[in-house]
Amino acid sequence: MTVVTRFAPSPSGNLHVGGARTALYCWAFARGRDGRLVLRIEDTDRKRSSDAASLGFMTDLDWLGIDWDEGPVQGERGGGSHGPYFQSERLPIYTEHLERLVAEGKAYHAFDTPEELDAKRKAARQAKEAYRYDRAALELSAEEVEARLAAGEPSVIRFRTPDAAITIVDEVLGEATLPAGEVDDFVIRKADGYPTYHFAVVIDDAMMEVSHVLRAQEHFNNTAKHMVLQDALGLPRPVYGHLSLIFNPDGSKMSKRDKDKVLRAAVKERSIEDAPNDSNGEPLVAADVWSTWRGDKSVQLDLDTLEQVAAALDVSLPEINVADFRRSGYLPEVLCNFLALNGWSAGDDLEKFDNAFLAERFDLDRVQKTPAKFDRDKLLAFNLDAIQGMSPETFHGLARAHAAEFRPEFIERLDESQFRTLCDASLERSKTLDEPFSVNRFLVAADDEIDWVVTKPVRKAMFKGEPTGLELLAKVRPVLEGLSGFDAASIETAITGFVEEHAEGNLGRIAQPLRVAVSGGPISPPIFDTLAILGQRAVLARIDRCLEVLSESSPAG
Ligand code: GLU
């Protein structure tokens, strides 16, 4: 038997790390068994699905190195003989099977209005009973059904669930039996003509010859519905394995809500009353929405708005989706390695491995039943280790690609050799591909954007000693101005000479004032590199402004 797994995202929103882990396990299970991975886009919920989201999912999978054998075509990937792979393009297939079930009396049309159903649900609630559809539609005669359909009355198709217990067999979670009557006559085709998830998934898994369904635990109970449908349709049953959720260390669900929480906390802490403005001077969030969101933890801003506000306030949000981790400069192989460990173990305390190893070793026996806790510090440590293990060339190439996508201002502002200097200077301490840029934004700021807040280290660098840092800075300026080449080596030679003459050979006496002058603060890459990256013109301009601004400020305190 050929192993066929599938990853079947609903294209709304973004690929969450939990979804990415499911995809990775499906991929590894198939790859390690000479099988196939099918990518199927479950877009029957037309209101919530979008092409942009489908494309986003594919881009994220691509980036992670999760290649699908069959599915939507993207670049080299996709195609296959079991398509189409978008459920919205498979309606004729579903209709054929739906009609067959109705003809065989295994499913039926129902005309109950949403109001009628709501009333029945409410009555069940009041009677403290579980709601189940009461099969009212089965009272209708065949003629009446025909007439109402012909009249175009809105209707759904419901599956006539057999009155028997259902035992779900799951390779990860074990068995569970649902008593007879637990699953009611559920809807298999909606009023808009689209099949429900349950129906489409059963048809597609069979037609795409899926042998193993690995999916999120939230679908465990749905499996009962899928099983009764498979029996009614005479379709084979795949092997099921349901995967536990990934949680935050505090036991809460990892979700977009976490981003709202972090931003809300920052807004409160800084006592920000009004929403920041966009580039046209308009508030990013309407005043009433903003104030509700500020005060009510259950309210969320939409993701785009949230990210714009966070960017405007310089708040970094926790990564939740694959795209977030990418933007933060995590390496795809590290994220895969880490996700693999969140819910599966390789045994022998082995923690570091690549996707090829995972494919070779992945099995369902070692998939954990209990939720995994997502340890961000550990992920960051993994990423740091991977970066430290890179050659400068590799790091440079990856950092450049990262900057081209997420930090274009660095590509625009720095020439090849300055960019290279920044990478070389950052390699040793960067935990992510983004760090060379995120911590060194002063490099691409306009010269007049640098400001000098006189914190303790700034005061020490500029106003202490004899002569003071500020005085040394004024003295070193003509030396830097006189240089004809402004590479790190020339700067080093010049400054070393200067230090011998004016600072008893103590480089720190001038390095720190220079650092403060060009960056605004006491932290930067090694000073000669920093100056070379900035270039002579910017260095001199920043020194001039710094001398001017700080000479007026009080050194006291
Ligand atoms: N489309 C479903 C989801 O995104 C997945 C269903 C399945 O794997 O069966 O949750």
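Structural data are supplied above this passage.
Given the structure is predicted, the values throughout are model-derived calculations rather than measurements.

## Comments concerning the overall build of the chain
Broken down by element type, the chain carries 24 helices and 13 strands. Taken over C-alpha atoms, the radius of gyration comes to 31 Å for the chain, far larger than the 24 Å a tight globule of 557 residues would show. Overall, the chain is about 105 × 55 × 35 Å in size when its C-alpha atoms are taken along their principal axes. Looking at the 557 residues of the chain, the share that counts as buried comes to 49%.

## Observations concerning the site of the ligand
Surveying the vicinity of the ligand reveals the residues Arg 6, Ala 8, Pro 9, Ser 10, Glu 42, Tyr 197, Val 201, Arg 215 and His 219. Contacts to the ligand include Ala 8, whose backbone N or O atom sits 2.8 Å from a nitrogen atom. The contact in question runs from an oxygen atom of the ligand to an N or O atom on the side chain of Arg 215, over 2.8 Å. Here the shell around the ligand is built from residues that sort into 4 nonpolar, 2 polar and 3 charged.

## Details of the packing of aromatic side chains
Within this structure, the stated rule accounts for 13 aromatic pairs. Taken together, a centroid distance of 6.5 Å and an interplanar angle of 85 degrees make the contact between Phe 29 and Phe 362 edge-to-face. With Phe 29 in helix α1 (residues 17–31) and Phe 362 in the loop between α13 (355–361) and β13 (372–373), this pair connects stretches of sequence that are 333 residues apart. Both residues of the pair, Phe 29 and Phe 362, count as buried. Ring centres 5.9 Å apart and planes at 85 degrees place the aromatic pair Trp 344 and Phe 353 in the edge-to-face group.

## Description of unusual backbone geometry
The omega torsion of the bond from Gly 83 to Pro 84 falls at 0 degrees, within 30 degrees of zero and hence cis. Looking at the secondary structure, you find Pro 84 in the loop between β4 (77–79) and α3 (91–103). The backbone phi angle of Asp 34 is positive, close to 55 degrees, even though this residue is not glycine. Along the chain, Asp 34 falls in the loop between α1 and β2 (36–39). Taking relative accessible area as the criterion, Asp 34 reaches 74% and is therefore assigned exposed.

## Focus on helix α14 (residues 376–388)
Here α14 spans 18 Å end to end across 13 residues, near enough to the 18 Å set by a 1.5 Å rise per residue. All buried positions along α14 are accounted for by Leu 379, Phe 382, Asn 383 and Ile 387. Relative to the axis of α14, the buried residues are bounded by an arc of 135 degrees and lie together on one face. Packing partners of the buried residues in α14 comprise α11 (322–327), α12 (332–341) and α15 (392–406).

## What to know about the pairing of β2
Relative to β2, strand β1 (residues 4–7) runs parallel, the two sharing 4 bridges. When the sheet's bridge partners are listed, Val 4 is paired in β2 with Arg 36. Each parallel crossover has a hand, and for β1 linked through α1 to β2 it is right-handed.

## Re the pattern of salt bridges
Per the counting criterion, the structure on display carries 39 salt bridges. In this structure, the salt-bridge partner of Lys 378 is Glu 351, at a minimum N-O distance of 2.6 Å. Pair noted here: Lys 378 is in helix α14 and Glu 351 is in the loop between α12 and α13, with a separation of 27 residues, a long-range link. Within the structure, one salt-bridge network assembled from shared partners comprises Arg 6, Arg 40, Glu 42, Arg 90, Asp 204 and Asp 205.

Scoring rules and cut-offs
- Residues numbered from 1 in each chain as written.
- Predicted model: local features only at pLDDT ≥ 70, side-chain atom pairs only at ≥ 80, totals over all residues.
- Heavy atoms only, no water.
- Helix = DSSP H or I, 4+ residues; strand = E, 2+ residues; numbered from the N terminus.
- Rg over C-alpha atoms; globule rule 2.2 N^0.38 Å.
- Buried < 20%, exposed > 50% of the residue type's maximum accessible area, 1.4 Å probe, protein only.
- Near = heavy atom within 4 Å.
- Polar contact = N/O pair within 3.5 Å; in protein donor to acceptor, adjacent residues only side chain to side chain.
- Nonpolar A, V, L, I, M, F, W, Y, C, P; charged D, E, K, R; others polar.
- Phe/Tyr/Trp six-rings, centres within 6.5 Å; stacked < 30°, edge-to-face > 60°.
- Expected span 1.5 Å × (residues − 1).
- Arc of directions from axis to C-beta.
- Contact = heavy atoms within 4.5 Å.
- Pairing = 2+ DSSP bridges.
- Right-handed = clockwise from strand over helix to strand, strands pointing away.
- Salt bridge = Lys/Arg side-chain N within 4 Å of Asp/Glu carboxyl O.

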